[in-house]
Every structure is written in structure tokens, then in C-alpha cells.
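# Structural description and commentary
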Amino acid sequence: MRNALLSWSRLRRGLTAATLGLGVLAAAAAATFAAPAGPGMVHPDLWPSAHSPAAMSDPETEAKIDAFMAQMSVEEKVGQVIQADITAIKPDDLRRYPLGSVLAGGNSGPNGDDRASPQAWLEMIRAFHAVAMEPRPGHTPIPVMFGLDAVHGDNNIPGATIFPHNIGLGAARDPALVREIGNATAEETAVIGADWAFGPTLAVPQDVRWGRSYEGYAEEPEVVRDYASAMVEGLQGPMPAKGALASGRVAASVKHFLADGGTEGGKDQGDAKISEDELIRIHAQGYPAAIDAGVLTVMASFSSWNGVKNTGNRGLLTEVLKGRMGFEGFVVGDWNAHGQVPGCTPVSCAAAFNAGLDMFMAPDGWKALYANTLAEVKSGEIPMARLDDAVRRILRVKIKAGLFATERPFEGRFDRLGAPDHRALARRAVRESLVLLKNNGALLPLRADAHVLVAGDGADDIGRQSGGWTISWQGADNTNADFPHGQSIWSGLHDAVTAAGGTAELRADGSFTTRPDVAIVVFGEKPYAEFQGDIPTVEYQPGDKRDLALLRRLKAQHIPVVAVFLSGRPLWTNPEINASDAFVAAWLPGTEGGGVADVLLRKPDGSVNRDFRGKLSYSWPKTAASVKPLHRGDRGYDPQFAYGYGLSYRDHREVGPLSETSGASTTGGDRNLLFRGGRAPAPWSFMLSGAVSAHPVDAGAQESGKAVSWTGEGDLRISGPPVDLTRQTNAQMALQITYRIDRAAAAPVKLQLACSDKTCASLDVSGLFARAQTGAWSTVAIRLACFGAAPADLSQVTAPFMISTHGPFGLSFAEVSIVPDTGKAVCP
């Protein structure tokens, strides 16, 4: 009865008698689903205690909930616990399916356009609200809650202010700054009519090979704990004793509960194989602060704890989160994450709901999930008390978030998107987040009246400096035109240098017409988001040291070099640091590139303009070896730069030379790039089998492609160490091929995935190649989901690209890679 007693304690404050009765029934029903012994079992008394503010469940709010629930049919209640994505639902669907929420996923946009105007976003969201609130027979008007990933500003919307990603904010060590960023993000989100931001992320990443490391503020819980309440307070504002959040505020969603940053090997959606003590001590510390601050929603994680999926772990969701931590808002799932719970599918999962999940995020399978959940309630598999508890929580959040308000004064105020005060705040955040790792010879700050060469392929690329979760999910296909209020690092440097009487020259390749006084080289990781950003080692550009070559070429000409490194994590960059006189970790600073110039350059009078103040919130690796990372306090802790390191202009410390022995296997590489420049880069190999031959071919550059000829049965394949493509085939990813047909195929042609010595998935691409113009280069993206329809295990793919046929055929190709599906990918 411990769970019932916890629920009684949680519910007794400020509730009506009717509400109290429902709460006791819900707690008693939940108690019948006892947590199993063994993996995933928790001991709630060991966890930190917290409680949602009394204002969240004030008597007036609970009375309104009582009134609504008395009117609602079971069909309407089931509708409230399901959320669909805009790619799979239209406003008219709400007349038949009374869903409680709609979201826009990373690649989703109005009418399929993820670069739609703010006006188009507002009109779409208003259309959903209008249908949900229609006064029609048999319908209880309840607003639909619209959510999106506003994780570093309202990042879905062109023209919005894009703030530094969380890893940069962690380096700033400034909770007040984070609170202001939350405030600005909420305002810009409310402008387009959205109610709910899926953030902040409270992960405490322990292995930066994880592709979502930049979403975590720090590798230590202290920074996360301080920032959790600050960002919640910024997004939501103070929780009023009565009534709803102030206009221009949105519901926050702390995520991902729990330990998605602690998975083995840094694998996304992986398994945190750790003790309960470590789970609490490292990964849970941000949640009590967020709950005490009044966070309205919590998002459950895709990942597992000791083999038990968090989305179906009743001990974590009900006993700890809703019991010990006193959380009175609702728990939402991640993108079809309930489908990964044992015994479940994306369209049926009573187990997750009974474990404590209150709202399914069911982007595309929501209709079948609605029907199945309704049947599970009517059969008793899902107790009515559990459904009522979830609906009560959802209605509580909608009331407190102000969804029932008739006036929404911030909607349509598009002048607040990229507003000058928001841009000034973002520029301040850039300045505070920069970390100076090296400044030999006190090269920085630079004279602003110098002749400055700005080089590197990241210098004039706002998309590169903003990273993933920007306009599109992976953020990989953006141009400067997508950021009408943004400024690249080059532009910021140019403006500052010319204003001081100096000159600046942009040459990405490092060439110049006039010998520069100094070169600023801006380079780093290309944008990525979840699981596409997972890497095998922390070596930067393994096997393809293009940026290092540029730095060394400038140094060989005796030009002082300042490196500005763009990344979503600390990486092993010892060779690049050695090849630079000064090295700045700029992280992913967002749209205000001028903030970099503010710190690198002196004032026109020669005095220091802004000093560096950022300190590492992640340890910088000394080697690239794929071993268990070490953190402050661990035995043997010996990073290249320790947690908390960061120079200022007052420091006079010479750095280097550093060891250039990586300690990592040479089979690292970018596993998403399968072929480019006439070869398959590490860890991939180009292989032929059967009656097939190949020779180099020019594809825009000398011998940059490969021409393959079949005279009979055979195949070409790009092979390497096993990779898990399960997530890619279940997400918006594609296999992109730049190719040329040299000879029409005389027999069927298949595109296949191989697992060891067998084919594990196959597509007939004969028609695709037959339609291509012979002799002309073209590019096609083939959805990996097309392969996912096959009944095959794609967790051990050794050849992610294989072309086979059994007759004469000629095919040349220049590039093969796994890329985000931006809506143009096809199934042959």
C-alpha cells in the first residue's frame, strides 16, 4: 500500500472531495500493478523528494477538471491520451478522433514544408484549435495542445532567434542567462500559436560519442541541476496561485526521463547499465528542481535502464516520478517509443500506459492506437482509474498552460521573431559560451584594424554554426537564406574589422590575394541530430584530415592561426590544436555569429572588448580511444583539458605541443559517408564479386568517381564493420546516391543490404535506373524505411550499399551516403 499512501499524500492538498475520491481510486488502481523484482526495480525512498507547486492543483483548477470529466465520454478520454504528428493528421480528423495533442516533428511543417512561413504555421495551428473547440453535439470542447522541439529557440521557424545549443550554455555557467533565453524562446514559440516546447533536456551525458551530447548542459549534474529550474521558469514563467500561466509563456517538458545520457557506449536509445545509486546521483538530479519549479510535462526516454525500457518502467514513472518526486503534470512518450516496450507495437501498448505513461506520442499510427487503446479500456486491460488519472493530469496542464484562454495576445506578433532584444541576448550567450583552450604568445585578442584572412568551410555557414534541430531535424540542409535575421561568423568578423579600419578577406580554402596579418579558421562538425550523430571514436575527421591540412598549410607560411572549432561535443583535436596558435571551442553558437568577433577582436582603441569567460562543462579528451570515458573524481582521470578549464586574457599559459597519437582504431570514420572522392573512406571498403570490373572515372573532379561494368552475374558492395540500421529504417533517413547510367541493364537490378554472408533486405531498382537518362549524372535518395518493410534483422548490417544483377549493365557513381530524408526521398 506504499504507493497508495504516496498518492494520498500527493493529492490531499487543495483538492475537492470529488477530486480526492478520484485520486484515491487512481492510486489504488496503480498499486495493483506492483513493480517486478529484478532489473528496473526501484527503491523510492532512496530518491530525492520534490513536489509540484500547490498552485498546479489549486481547488479552482481541480473543480474545472471535475466538470469536464463528468461530461466526457470514454472515447473522448482515450482521445486525450494520444498525440499525432502534422504529417499524418489534418484538422478535420479531430471531428472523428478527439485527440488531445498534435506535434510537429523535426522534419514536419505546414503542408509538408518545413520552411513554411510563420503565418502558415499560425494558420495551421489555429485550424486545429478551431476544430477542437467547435460546439457540436456529443463533443466536449477541449483545446488541442500543440507541441514542438523548441530546444535552442523556436528552431523550427525560419527567422526565429537560434540560441547556442545547451553544451555552450553549460560552459557559460550562468543560470540567469538561461532563464532569459527560456523567456525569449517561449515568446517566439507563442507567436506561431504553439503551446508546448519539448525542452529543456536534463540529460547528463557520460560518453560524448552519443550524438545528442550537445543537448546536455554538462557531464556533471551540478550544472544541470542549476539550469533545470532556470529554463523551466523562463519558458513557463511563475506558476500563479490561481489561473493560468501569463500570455507569451508555454509549457515546458523536461526530458528524457531517465539516463539517456548514460547508455553503454553512448548509443542513442541504448541501455544504461548502471546501479540505482548512479542513476540517482548523476542522472536524476535535475528533475526535483524542475518539478519544484512547476514543470508541466515530463518526456519519458527511448532508452533503457538495465534492460528495461523506461517508457514501460512503472517503478520509474509511477513510484519515483509521480510518487517520490510528487509530479502532478503528465508524462508524454517520445516518437513511437512505446512500440519498443516488450509485448507492444506502435499501435498497441497497454503496458506503457499502465506503467504511468499519460500521453502516447504516436506520430503516424495514431488511428490504430486510438482504436486499440479504446478496446483495451473497455476490456479492462487498462483500468478506468488509470485512464481517468491520465486525463486529469492532461486537463490540469491544459488549464494551467492557458489553453482555454479566449485571448492569445502574442499570436501573430511576428515582429518578435528574431526581435532585436532576443538577438542581443543570443549574441551575449555566444560570448559567454566560448571557451579558450590555447592562446600561445598571447595572440588573442587581435587588433581590429589588421588584415584578417577568414578561412574554413564553417566561416560563412549559419546552418553549420547552428547544428542539428535547426529548421529541419538533422539541420543538415540549411543555407544562410533560411536565417533572415542571422549572421555568420564571417559576417560578424567582417563588420567588426572594417568598422575599425581593417580589412577582412573570406577564402574557405585558405588562399589569399594579400598576405594576412592573421588567419581565423572556422571549421568543425557538420550538423546532426539523434542517432545520426553517434560516432565510434572521439577523433575529429579520422582518416580525412582536411581541416588539419588547411591549418598546417597556413602555419607553414608563418601566418598566425586562430582556430574556431564548431562542435556538439569535445573531440580529440590534438593535431589541430598543435597547428594553431590559438584554439577556441565555440560549440554550436546559433545565429549570432557576431558574438565570436566580440571576444576575438580588440576595440578600435586597442583595449580588450570582451574577455573569455566560458569554462568546460565536459572534459576534453587526451586520446580518441573508444574506452569508458573518465570524469572528474574517477580514478585515473587525466583529460587533455579538465572539466572547468578555460583561459581568459589574464592567463599567460602556453599549451603544447600535445601528443598526436590518437590511441584509437583507424576504423573510426564517418559511418554515414559510404563513398566519395573515388573511394570508400574508413571504415568502409569497396568490393566486387563475380563478373564485374571497375575503373576510376571523373565526376566533377579527376578520378572522383567509379565506373562499374557487369558482363554477367555479380555485385558491387561497400562493406565494413557491422552497423545497426534499425533506427534509420524506422526514421526519416535515406540512402542517397549520385550516379550515372552508362549502359542500360539487361536484367533486373537490385539494391540490397547485406548482413555478413547473406542478403538481409532487398529492393528492385530496375525501374528507377531504367527511367534515368543514360550518360547524365543524377542524384536519388531512397528511403531506408523501404527496407524496413522487409522481415529482417537490420541490427548487424555489414554492407549498407550493394548493387547486384545477372546481365550486362554499366553504372558509375560519385557519392553514396546516409542522409536525412527532407521529403524528397522515394521508394523505388
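Whatever comes next refers back to the structure up there.
To start, this report covers the structure provided alongside it. (Residues numbered from 1 in each chain as written. Predicted model: local features only at pLDDT ≥ 70, side-chain atom pairs only at ≥ 80, totals over all residues. Heavy atoms only, no water.)

### A short note on the overall build of the protein
Per the secondary structure count, the protein includes 23 helices and 26 strands. Against the globule reference of 28 Å for 828 residues, the protein gives a C-alpha radius of gyration of 27 Å, in line with a compact fold. Each principal axis of the C-alpha distribution contributes one length, and for the protein these read about 80 × 75 × 55 Å. Counting only residues that meet the buried cut, the protein has 62% of its 828 residues in that class. Long-range contacts, defined here as pairs at least 24 residues apart, represent 80% of the contacts in the protein between residues at least 6 apart. For the protein, the accessible surface area stands at approximately 28,500 Å², while carbon and sulfur atoms represent 52% of it. The averaged location of the 89 negative side-chain charges in the protein is 1 Å from the averaged location of its 78 positive side-chain charges. (Helix = DSSP H or I, 4+ residues; strand = E, 2+ residues; numbered from the N terminus. Rg over C-alpha atoms; globule rule 2.2 N^0.38 Å. Buried < 20%, exposed > 50% of the residue type's maximum accessible area, 1.4 Å probe, protein only. Contact = heavy atoms within 4.5 Å. Areas by Shrake-Rupley, 256 points an atom, 1.4 Å probe, with all protein chains shown as cover. Lys, Arg positive; Asp, Glu negative; His and termini not counted. Charge placed at Lys NZ, Arg CZ, Asp CG, Glu CD.)

### Description of the side chain of E215
Mapped onto the secondary structure, E215 falls in the loop between β4 (196-197) and α8 (221-236). Side chain to side chain, E215 and W469 meet in a polar contact 3.1 Å long. (Polar contact = N/O pair within 3.5 Å; in protein donor to acceptor, adjacent residues only side chain to side chain.)

### A short note on the layout of surface pockets
Approximately 1,100 Å³ is the volume attributed to the second largest pocket. W335, W473, N730, A731 and Q732 are the residues nearest the centre of the second largest pocket, which is lined by 48 residues in total. The element best represented in the lining of the second largest pocket is helix α21 (residues 726-729), accounting for three residues. Taken together, the residues of the lining of the second largest pocket sort by class into 14 nonpolar, 19 polar and 15 charged. (1 Å grid on protein atoms, 1.4 Å probe; cavity = no way out; pocket = protein on both sides within 12 Å on 5 of 7 lines; lining within 4 Å. Points joined across faces, edges and corners; volume = space filled by probe spheres on them. Nonpolar A, V, L, I, M, F, W, Y, C, P; charged D, E, K, R; others polar.)

### Here's the deal with the sheet that holds strand β13 (residues 451-455)
Adjacent strands of a sheet pair through backbone hydrogen bonds, lying either parallel or antiparallel. Here we have six strands laid out as an open sheet, ordered β12-β17-β16-β15-β13-β14, and mixed in their pairing. In the strand order of this sheet, the two ends are held by β12 (435-439) and β14 (503-506), each with one partner. Recorded for the sheet is a direction-independent mean angle of 20° between the axes of neighbouring strands. Packing of helix α17 (residues 489-499) onto the sheet brings it into contact with β13, β14, β15 (518-524) and β16 (561-566), and relative to β14 it is tilted by some 160°. (Pairing = 2+ DSSP bridges. Axes fitted to C-alpha atoms, helices over the stretch in contact; angles between N-to-C directions.)

### Quick look at the packing of helix α3 (residues 59-71) against helix α14 (residues 384-400)
The N-to-C vectors of α3 and α14 enclose an angle of 125°; their axes lie 10 Å apart at closest approach. With respect to α14, the axis of α3 lies oblique. In this structure, α3 meets α14 at a crossing whose hand is right-handed. Contacts between α3 and α14 involve T61, E62, K64, I65, D66, F68 and M69 on the former and, on the latter, D388, V391, R392, L395, R396, I399 and K400. Across the contact of α3 with α14, the residue classes tally to six nonpolar, one polar and seven charged. (Parallel < 35°, antiparallel > 145°, perpendicular 65-115°, else oblique. Left-handed = near helix turned anticlockwise from the far one by under 90°.)

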